[in-house]
Amino acid sequence: MKDLGFDGYAIDKIDCPDGLLWYLRREVNMHRTPIALDGSKVDVGRAMEAVSRLGPRGEGAGATFIAGSVINTVQRSRYGRRAAQNLTRDLRPARSLVSSAVDPEEKRKLDLAIQEARQALEDGLEARKKKVLDTKKHLATLTAKIGANKTKLKELENAPPVDKERIRLKQKLLDISKKRVEVAKDYKQLIKAAIVDQIAATRSGIEFLQVCANKNALEALCQQKDERYRRALAEFEEADRIFLAAKEEAKRKRDISVDLVRRMDREFQEQFAKMEVDGSIHERSVEQLRAELEVQNANLDMIMQTNPGVVEQYERRKAEIEDLTKKIEDREKQCIRLEREIKNARDNWQPALERLVASIGKKFSAAFDRIGCAGEIRISPHDDYEKWAIDILVKFRNKEKLTLLTGQRQSGGERSLTTILYLMSLTEEARTPFSLVDEINQGMDQRAERAVHNSMVEVTCKPDSCQYFLITPKLLPDLMYHERMKVLCVNNGEWLPDEKGLGNMMSMITTFVHIRDRSSRAG
């Protein structure tokens with residue numbers, strides 16, 4: 001229509017309700033009446049030929065078009081060659097809806113709308129031209145396919161007779177059958193190889209079961225050794241306590257003996273010191289000492305001025321000294337033996353403890369790195385094994401250094417954050433069936449709470465992790481959840497409804513999700 005010089009159809013120039021548009025189409029055929037505002041642009045002959053074109057069954061052959069101020073009514077004769085006839089008449093001035101005053105502002109808006117409509121019409125025509133070109137290309141493609149199909153049809157028509165084709169197909173089936181036989185043979189070989197692999201896999205499974213049994217036996221043996229170590233440690237502690245008491249008692253009695261020696265006359269002290277230096281005090285046997293003691297006692301008995309209590313006191317002190325000396329030697333030997341056993345036991349468990357703490361410390365430091373902080377775990381050894389400890393060092397600010405976690409330096413939220421990260425670091429090493437933490441996220445800021453929750457989900461939702469319970473009165477929105485998690489909401493209070501079924505949390509959540517989805521679709 002654009003090529004013939006028309007601006008559009010008459011129905012496009014009318015703005016009215018839908019009911020009136022339907023009437024104008026049905027009764028006046030305005031949707032089939034083209035209009036050209038400039039009549040000089042219309043080729044009347046081509047327009048007559050276009051509107052008077054007959055359909056496949058001879059229908060149509062008549063229409064009306066307007067070129068400028070002239071109405072052209074084209075019809076075909078009903079007789080003979082059915083030539084096209086054009087009846088023209090001038091377009092009369094409008095008599096209706098022309099007396100009202102024109103609002104300049106409204107006219108300006110309408111002119112602007114007309115310009116926009118014309119621009120849109122031109123854009124639409126460009127799109128339709130592009131579509132026509134695409135259609136032509138598609139027709140060209142179809143024409144090429146038709147030519148190819150015709151060529152294929154000719155090849156099929158010139159194909160060899162059916163008998164030759166049947167022979168060729170039989171030969172082809174024979175070849176395929178031979179290939180299937182070869183494939184069956186290969187399949188047989190593969191089955192045999194699979195049987196061999198299955199036997200090997202079964203043997204590996206049995207070996208794995210044996211290894212598991214050996215592992216369980218080794219674990220039981222380790223438990224027995226741990227029990228023996230605990231008993232030995234208890235015995236050592238008891239022996240150490242007895243040794244310290246005996247040492248203290250021996251020291252006290254040695255002081256008493258030294259004091260007694262100092263109270264003797266100078267000659268006795270010099271003789272005693274000389275015997276200690278030259279070692280002669282240890283050369284005589286007990287019988288010799290007893291014999292000499294009897295001689296000295298007899299000599300003392302002959303001296304009338306001698307006080308009998310001095311000899312008895314000397315003998316008593318001497319017996320006490322010998323007894324204490326023997327006890328000290330026995331305790332020293334026992335102490336050396338226990339120290340050796342403790343060293344052997346410590347050499348067995350300390351490397352394993354250091355590896356375990358290093359593994360936990362690595363996970364603990366990685367967890368702190370994920371939240372932008374720093375953390376470290378160290379063993380704090382001590383001479384007294386009861387005072388061994390694990391030192392936890394943390395740093396929550398860039399300008400700080402690693403400091404020991406205490407109840408005075410860090411805040412409650414920082415201590416809670418450190419505690420939960422330490423527990424999660426222990427999760428992979430622990431062998432407990434489940435763990436439970438209560439309100440561990442209280443006192444944390446939102447960044448730390450979100451990081452801790454996401455880290456807890458990542459660690460505890462692994463297939464080999466133990467069961468983990470988190471009890472909390474509140475959670476942040478848009479947290480990370482896992483399909484292995486289960487969220488239980490507990491409603492408790494005196495305002496719960498008595499009627500069964502009311503206040504169901506799952507139904508409330510479902511209703512909220514449906515309302516939110518409906519609102520988002522409506523928006």
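Anything mentioned here points back to the structure above.
Trainee: Could you give an account of a positive patch on the surface, with specific residues and numbers?
Mentor: The grouping of K2, K13, K41, R118 and K129 at the surface amounts to a positive patch. In this structure, K2 sits in the segment before β1 (8-9). A relative accessible area of 43% means that K2 is categorised as partly exposed.

Trainee: Hey, could you go over the packing of aromatic side chains for me, with residue numbers and the actual values?
Mentor: Taken as a whole and judged by the stated rule, the model has 7 aromatic pairs. Put simply, the rings of F364, F368, F396 and Y422 pair up and form one aromatic cluster.

Trainee: Describe in detail the sheet that holds strand β3 (residues 63-67), supporting the description with residues and values.
Mentor: Strand order in the open sheet formed by 5 strands is β1-β2-β3-β4-β5, with mixed pairing between adjacent strands. If you trace the sheet from one side to the other, it starts and ends with β1 and β5 (84-90), each paired once. Both strand β2 (residues 34-36) and β3 contribute to a ladder of 2 bridges, which runs parallel. Bridge pairing in β3 places I35 opposite I66.

Trainee: Mind laying out the nonpolar core, listing which residues take part and the relevant values?
Mentor: If you look at the biggest cluster of nonpolar residues, it comprises 22 residues, and the most contacted ones within it are F364, F368, L417, I420, L421, M424 and V452. At the level of elements, α7 (308-370), β7 (389-395), α8 (412-427) and α9 (446-460) are the ones that each hand at least two residues to this core. The element that contributes the greatest number of residues to this core is α7, accounting for 5 residues.

Each value, and the rule that gives it
- Residues numbered from 1 in each chain as written.
- Predicted model: local features only at pLDDT ≥ 70, side-chain atom pairs only at ≥ 80, totals over all residues.
- Heavy atoms only, no water.
- Patch = residues over 30% accessible without salt bridge, like charges linked within 9 Å, V, L, I, M, F, W, Y side chains within 5 Å.
- Areas by Shrake-Rupley, 256 points an atom, 1.4 Å probe, with all protein chains shown as cover.
- Salt bridge = Lys/Arg side-chain N within 4 Å of Asp/Glu carboxyl O.
- Lys, Arg positive; Asp, Glu negative; His and termini not counted.
- Charge placed at Lys NZ, Arg CZ, Asp CG, Glu CD.
- Helix = DSSP H or I, 4+ residues; strand = E, 2+ residues; numbered from the N terminus.
- Buried < 20%, exposed > 50% of the residue type's maximum accessible area, 1.4 Å probe, protein only.
- Phe/Tyr/Trp six-rings, centres within 6.5 Å; stacked < 30°, edge-to-face > 60°.
- Pairing = 2+ DSSP bridges.
- Core = buried A, V, L, I, M, F, W, Y, C linked by side-chain atoms within 4.5 Å.

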